[in-house]
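# Overview (structure and organization)
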Amino acid sequence: MKQPRHRLVLTALLGVALLPLASHIEARTGPAAAHAAHQAVPAVWTFQKSDITPDPAYRFGRLANGMRYILRHNETPKNEIAVRMRFDVGSLDEGESERGFAHFVEHMAFQGSTHVAQGEMVRLLERKGLAFGAHTNAFTTYETTTYHLDLPRNTPDLIDTALMLMRETAGELTISPESVSNERGVILSEKRDRNNWQYREAQDRYAFVDPKSRYLQRSPIGTEETLGGATAETLRAFWRRNYVPEKAVLVMVGDFDVAAVEAEIRARFGDWAPSPATPQPSAGPIDGADTGRNSVYLDPSLSEHITITRRSAWRDEPDTWANRRKSLATTVGYAIINRRLQRLARRLDPPFRAAQFGTNDIFHAGRDTAINVDSIDGRWRRALTAATTEVRRAMEQGFTQREIDEQVAVLNSLAETAAARAETQGSVALANAALGMLRGGAIPSDPATNMAFLKAQTAGLTPQLVLAAVKADMATLDNPLIRFTGRRAPEGGAEAIRTAWNEASTTPLPTIMEPPPAPFAYTDFGAPGRVVEDKREPNFGIRQIRFANGVRLNLKRTTLSRQSVLVHMAIDGGQMLATSDNPLAVEMTAMMGTGGLGKHTLDEMQSLTAGHIVSLGLTATGDSFNASAGTRPKDLLLQLQMMAALITDPGYRQEGENIFHQNANTMFLRLRATPGSALQSSIGGILSDNDPRFTLQPVSAYRGLTFAKLKRDITERLQHGAIEIGLVGDLDEEAAIADVGRTFGALPTREAEFRKYDDQRKRPFTTQRGDRALTHTGPADQALIYDVWPTRDDRDPAEKQVFNMLQRVLRIQLTETLRQKLGRSYSPSASSDLSRVWRDYGTFAVSASVDVGSVDMAKQAIDEAVAALAKTPPSDDLMLRARQPLLETIDNTLHTNGGWLGIVALAQSEPDQIERQVHAAERLRAVTPEAVQALARRYLSARDAVRITVLPAPPSDIPQGPSQTAQPVTTHEGVFVSRADGAGS
């Protein structure tokens, strides 16, 4: 559901992106993807009704016709601009016969307007360097539709183009019958692709908890009936009724002259004729009196989960200093409870895999207080009892001051960081903060003011005050709604769960006193390392250090993000340690962080580092073990100490091993649940002729993995392998060198160079070319086509740019054919992967998700596109549209610390990365149409392709469960629910 109101307030207080992650259709976490619904479109800004002043760097304006705008000058990243236009129209605004129209209109915005011909909008933007999807996109939720343009340059021409296109969307769409017919297939394809086990579970959940609500019947993707019945006339009517100035807000944040852009906005949008703004219907009703019902929902892809919930009335609590003060105490209280639940989940014999407790807004229609528990399969009773008991313990016994202090330390550190980084906040984050204020959300106030407020208020938080705040915020879980999801029904059915809840609600409570953790034990690694080499790379000024023990350090100071430092550590080894006899040697590496350190559990580390911005973890990549983290200068030493401790004294605790085994069990039960998962689980073995290193092994092999085995397999490399550290950001070079010297530089002498691994760098590509068939257990209308060719490694940087152009050209052609012309695939793709790890190995792939009935047509379209490219060089216009977004990406790479880290991390062991960055644009510009054609001829011949088709499994091969049926296997007690919209968005 929608995130908690107290968390929305923290979005403003902490200046960090805590807004919900919305998909193209709806928020992943539930139906409320944006801020709460209004019964009428607001005539004023939120802050005009509050005592909170927005950050003065924003400029707010309103045209005479009612359209509003928010502008802000910002130079992070330099020369770039984030443009967002939001309309207060979503699926809640649709009539019964219009279901899916808000999203349909969003698609039509890209399909022709008064001054932009059908099919030309995307082409126009590509010529100017904006790739469809990466820089150009749109999103429809229950409440809003938002159009996104991320301008890679701030030229007057590009700004003018962006404003022109937004004006076209606002009032000049043509919505022709031809374009509607073409786009209908694309939307139905999108609907089909999104119909997976997660979506079906969510729709059943909404039907159980809010059976009478409007939002239940207004999934943004619509129904096949209403989408099939949509006409140009009915879509235009919906667009004209809802795309009115009073419902529109234009947000622009970036490197531009605010006064000049404001004048252009007034000139472009001033003639947009006003029309009455139709109030948006409520998402409810949400029935706060609904109690005592149970539900069981089964699907082979679901692990066990229990939800215990009570609905309550929505509270109108606008963003004010008083409400922030109240919300702060509530936030701390919920955080403490969830911290306790997290601690239980990390035990050696945990009662559940995870659990959460909190209260959420459901649009502006109601609220939801819930305990959510992920149980270990078959152990739901123990999980429910433990989670319920822990929440009861908090409500009846309260909190401790030490618990409050831990959460306050976290909040204060985030607020301090937000204030320190205020001058270099990213434009996209600032634009999102402005959007978050709309529809009654959090006001983006000045970070320094927020920090002062937070510090003043947290100083007075007491256990009594925090407990009272949580009790006042939550709904009492009396006779709640209870829902079970999983693969198998619980023994005793829904009534058994109700009985377990009743027993857990009355069981005597234990009194638990958690001892404070011991002081951090990893501050001394020996005598600080001595620097034996110190030089500066000439192209980018990267400082390159070598310590006497062989550890390398690369530093690049930037001012792109104040008080921000990125850290990367690479240790020789990684997947080079995997062999045919021991293919899973490094499989558990990613779980090392969950095993904690030798002297501290992960849970203890979380308490010890409260108030610091640090992380703990390790991964295994092609030829190295890697750790990456984002921190700040004052926490850099602690971050390095934690990284050094993980490789010198890892905890390897059973708790992390248990989590790995649980995750492996769940993964295997979902291997064939969708066409994509079926492909991913088989592709490694298909392409390698079942080389064990690249082939998914039996589930028993993963269940048999242990930390003891991992320790045997990787300890030698962790102790002796070459190490290279990369640091990028707002750092003091001398202090950073000293910090690395006190940690990694103090370790015993290591190998000076990364190993060549010449014998291990051989990866086969199957000799069995031609057609392969796989099956999935998802809906019977879903199919996936995946064509893949062997290519080469990436040792030739010039040819790599030709491959980049080839994939862009082919992707554009497939999009125009399979999506725009035929309407058969929502998102066809082409990709090139030239390996830096495996010698002479690379792949080029084309994929398209289609309806089962369109498989042959799609294959023909793919074959024709590839053959045409081999026969005729791409046109100059196609080359421009393919090349320009790639050039913009190259030009903007070093506008962020993350881009810098790409060349700094291994600047000594892989210096060619620097050379490639220097000459990348030059090499890309040198690629000719004939070179692209020649590459297609050389590598993309039909005889060399492996064509994998993923089709629905026969009924006899499908596990019993709702993922293969139109109606889920569901038991709802006490109410009859009709679900006409059963497909995914």
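Residues numbered from 1 in each chain as written. Predicted model: local features only at pLDDT ≥ 70, side-chain atom pairs only at ≥ 80, totals over all residues. Heavy atoms only, no water.

In the nomenclature of an unreviewed UniProt entry, the protein corresponds to Zinc protease from the organism Novosphingobium sediminicola.

### What to know about the overall build of the protein
Going by this rule: Only DSSP runs of H or I reaching four residues or more are called helices, and only runs of E reaching two or more are called strands; each is numbered from the N terminus. Residue exposure (1.4 Å probe, protein chains only): buried if accessible area is under 20% of the type maximum, exposed if over 50%, otherwise partly exposed. Two residues form a contact once any of their heavy atoms are found within 4.5 Å. Only the protein chains shown count as covering a residue, and every accessible area follows the Shrake-Rupley method with a 1.4 Å probe. Counting rule for charge: Lys and Arg are taken as positive, Asp and Glu as negative, and neither His nor the chain ends is counted. Charge positions come from single atoms, namely NZ of Lys, CZ of Arg, CG of Asp or CD of Glu.
A tally of regular secondary structure across the protein gives 29 helices and 24 strands. Its C-alpha atoms give the protein principal-axis dimensions of about 75 × 70 × 65 Å. Across the 985 residues that make up the protein, the buried fraction comes to 61%. Put simply, of all contacts in the protein between residues at least 6 apart along the chain, 84% involve residues at least 24 apart. Only carbon and sulfur atoms are counted for the fraction: they give 52% of the accessible area of the protein, which is about 36600 Å². Taking the average location of the 113 positive side-chain charges in the protein and that of its 116 negative ones, the two points are 1 Å from each other.

### Section: the domain arrangement of the protein
Going by this rule: Segment limits for the domains were obtained from an automatic or database-derived domain assignment. Defined here as a combined quantity, buried area equals the accessible surface (1.4 Å probe) lost by two parts on assembly, summed across both. By definition here, a salt bridge exists when the distance from a side-chain nitrogen of Lys or Arg to a carboxyl oxygen of Asp or Glu is within 4 Å. Distance and chemistry together define a polar contact, namely a pair of N or O atoms within 3.5 Å, with one atom able to donate a hydrogen and the other to accept it when in protein, and with adjacent residues in sequence counting only for side-chain atoms on both sides.
Taken domain by domain, the protein holds domain 1 (50–270), domain 2 (294–505), domain 3 (531–746) and domain 4 (770–952). Contacts between the two partners involve 27 residues from domain 1 and, on the opposite side, 25 residues from domain 4. Counting the surface domain 1 buries against domain 4, the share from its top three residues, Glu126, Arg127 and Arg192, is 29%. Between the two partners, domain 1 and domain 4, sit five salt bridges. The closest approach of N and O atoms between Glu126 and Arg881, which form a salt bridge, is 2.8 Å. Our count for the domain 1 to domain 4 interface comes out at 13 residue pairs in polar contact (both at pLDDT 80 or more). At the level of secondary structure, the elements contributing two or more residues to the side of domain 1 that touches domain 4 comprise α3 (120–127) and α5 (177–193).

### Things to note about the sheet that holds strand β2 (residues 68–73)
In any sheet, the strands associate via hydrogen bonds between backbone groups, in a parallel or an antiparallel arrangement. This is how it is decided: A pair of strands is labelled paired if DSSP reports no fewer than 2 bridges between them. Only the stretch in contact is used when a helix axis is fitted, and all axes are lines through C-alpha atoms; the angle between N-to-C directions ranges over 0 to 180 degrees.
Here six strands make up an open sheet; going across it, the order is β1-β2-β6-β3-β5-β4 and the pairing mixed. Pairing within the sheet leaves two strands with one partner each, and these edge strands are β1 (59–62) and β4 (136–140). Within this sheet the neighbouring strands show an average axis-to-axis angle of 15°, counted without direction. Both β2 and strand β6 (residues 248–254) contribute to a ladder of six bridges, which runs parallel. Residue pairing for β6: Ile70 is matched across the bridge by Val251. Strands β1, β2, β3 (81–87) and β6 of the sheet are contacted by helix α9 (residues 258–269), whose axis makes an angle of about 160° with β2.

### Focus on the sheet that holds strand β18 (residues 723–729)
The seven strands lie next to each other as β12-β13-β14-β18-β15-β17-β16, forming an open sheet whose pairing is mixed. At either margin of the open sheet sits one strand with a lone partner, and together these are β12 (531–536) and β16 (619–620). Sheet topology note: the strand β15 (residues 565–572)/β18 ladder contains seven bridges and is antiparallel. Looking across to β18, one finds that Leu566 is bridged to Val728.

### Comments concerning helix α4 (residues 156–171)
Heads up, the rule is: Expected helix span is given by 1.5 Å per residue-to-residue step, counting one fewer step than there are residues.
Between its terminal C-alpha atoms α4 stretches 23 Å, which fits the 22 Å expected from 16 residues at 1.5 Å a residue. Burial within α4 is extensive, with 12 of its 16 residues counted as buried. Buried within α4 we find Leu158, Ile159, Thr161, Ala162, Leu163, Met164, Leu165, Met166, Arg167, Glu168, Thr169 and Ala170. The elements touched by buried residues of α4 are β3, α3, β5 (145–151), α8 (232–242), β6 and α9.

### What to know about the UniProt feature "domain: Peptidase M16 C-terminal" (unreviewed entry) in the protein
Put simply, the test is: UniProt positions are given in the numbering used here, feature names are shortened, and annotations may be inferred rather than shown by experiment.
Annotation from UniProt places "domain: Peptidase M16 C-terminal" (unreviewed entry) at residues 231–409 and 714–884. Helix makes up 40% of residues 714–884 and strand 23%, and the two end C-alpha atoms of the span are 44 Å apart.

### A few points about the pattern of salt bridges
Across all of its chains, the model carries 82 salt bridges by this definition. The shortest N-O distance in the salt bridge between Arg543 and Asp534 comes to 2.6 Å. Residue class for Arg543 comes out buried when judged on its relative accessible area of 9%. Arg938 is paired through a salt bridge with Glu799; the nearest N and O atoms lie 3.5 Å apart. Taken as a pair, Arg938 in helix α29 (residues 929–939) and Glu799 in helix α24 (residues 797–821) lie far apart in primary sequence, 139 residues in all. You can call Arg938 exposed: its relative accessible area is 53%.

### As for the nonpolar core
Inclusion rule: Throughout this description, the term nonpolar core refers to a set of buried Ala, Val, Leu, Ile, Met, Phe, Trp, Tyr and Cys residues connected via side-chain atoms within 4.5 Å.
The biggest cluster of nonpolar side chains holds 58 residues, and the ones touching the most others in it are Met569, Leu727 and Phe744. With nine residues, helix α18 (residues 636–648) is the largest single contributor of residues to this core. With near-sequence residues (within four places) excluded, Met569 lies in contact with Leu618, Phe625, Asn626, Ala627, Met643, Ile647, Ile723, Glu724, Ile725 and Phe744. Membership of the second largest hydrophobic core comes to 55 residues, among which are Phe87, Leu130, Leu151 and Ala232.

### Digging into the pairing of strand β17 (residues 624–631)
Along β17, six of the eight residues are buried, which leaves the element largely enclosed by surrounding structure. Strand direction decides the pairing type here: β15 and β17, joined by eight bridges, are antiparallel. Across the sheet, the residue bridging to Val565 is Thr631, located in β17. One ladder, built from two bridges, connects β16 with β17; its direction is antiparallel. Note on β17: the bridge partner recorded for Thr619 is Asn626. Between β16 and β17, which pair antiparallel in sequence order, lie three residues.

### What about the environment of Ala921?
Within the secondary structure layout, Ala921 lies in helix α28 (residues 912–925). Note on Ala921: relative accessible area 11%, which makes it buried. For the pair Ala921 and Glu888, spaced 33 residues apart in sequence, the C-alpha to C-alpha distance is 9.1 Å. With residues near it in sequence (within four places) discarded, Ala921 still touches Leu887, Ile890 and Asp891.

### Some words on the packing of aromatic side chains
Spelled out, the test is: A pair of Phe, Tyr and Trp rings is counted when the ring centres sit within 6.5 Å of each other, with Trp represented by its six-membered ring. The angle between the planes then sorts it: under 30 degrees is stacked, over 60 is edge-to-face, the rest tilted. Placement of a charge over a ring requires the Lys NZ or Arg CZ to be within 6 Å of the ring centre, with the centre-to-atom vector within 35 degrees of the ring normal.
Throughout the structure, instances matching the rule amount to 24 aromatic pairs. Ring geometry for Phe101 against Phe238: centres 6.3 Å apart, planes inclined by 85°, an arrangement best described as edge-to-face. Here the residue Phe101 occupies a position in helix α2 (residues 101–108), and Phe238 occupies one in helix α8, the gap between them amounting to 137 residues. The residues Phe101 and Phe238 share a single accessibility class, namely buried. A network of ring pairs unites the aromatic residues Phe87, Phe110, Phe132, Tyr147, Tyr243 and Trp272 as a single cluster. Lying across the ring of Tyr58, Arg72 places its NZ or CZ 4.7 Å from the centre.

### Quick word on the packing of helix α11 (residues 380–397) against helix α16 (residues 493–504)
Under the convention used in this document: Put simply, a crossing is left-handed when the front helix is turned counterclockwise from the back one by less than a right angle, and right-handed when it is turned clockwise. Polar here means any residue other than Ala, Val, Leu, Ile, Met, Phe, Trp, Tyr, Cys and Pro, which are nonpolar, and Asp, Glu, Lys and Arg, which are charged; Gly is therefore polar.
Following both chains from N to C, one finds α11 and α16 inclined at 35°, their axes separated by 9 Å at the closest point. The hand of the α11/α16 crossing is right-handed. Across from Trp380, Arg381, Leu384, Thr385, Thr388, Thr389 and Arg392 in α11, the residues of α16 making contact are Ala496, Ile497, Ala500, Trp501, Glu503 and Ala504. Among the residues making up the contact of α11 with α16, the classes are represented as seven nonpolar, three polar and three charged.

### Focus on the confidence of the model for the protein
Low pLDDT means the predicted atomic positions in that stretch should not be read closely. Note the following rule: Scored from 0 to 100, pLDDT records how confident the predictor is in each individual residue.
Residues with a pLDDT of 70 or more make up 93% of the protein, whose mean pLDDT is 93. Ignoring residues within four places in sequence, the model shows residues 16–43, a span with pLDDT below 50, making 100 contacts including any to other chains. Below pLDDT 50 for its whole length, residues 971–985 participates in 49 contacts with residues either more than four positions away or in separate chains.

### Thoughts on the side chain of Glu262
Along the chain, Glu262 falls in helix α9. Other than its neighbours up to four places away in sequence, Glu262 contacts Arg59, Tyr69 and Leu71.

### Some points on unusual backbone geometry
Backbone torsion omega between Thr76 and Pro77 reads 0°, so that peptide bond is classified as cis. Relative to the helices and strands, Pro77 resides in the loop between β2 and β3. Following Gly284, the chain continues to Pro285 via a peptide bond in cis, the omega torsion being 5°. Following the sequence through the fold, Pro285 ends up in the loop between α9 and β7 (294–298). Despite not being glycine, Ile175 shows a phi value in the positive range, around 50°. Along the chain, Ile175 falls in the loop between α4 and α5. The phi torsion at Gln563 lies on the positive side, around 55°, for a residue other than glycine. For Gln563, the position within the fold is in the loop between β14 (552–557) and β15.

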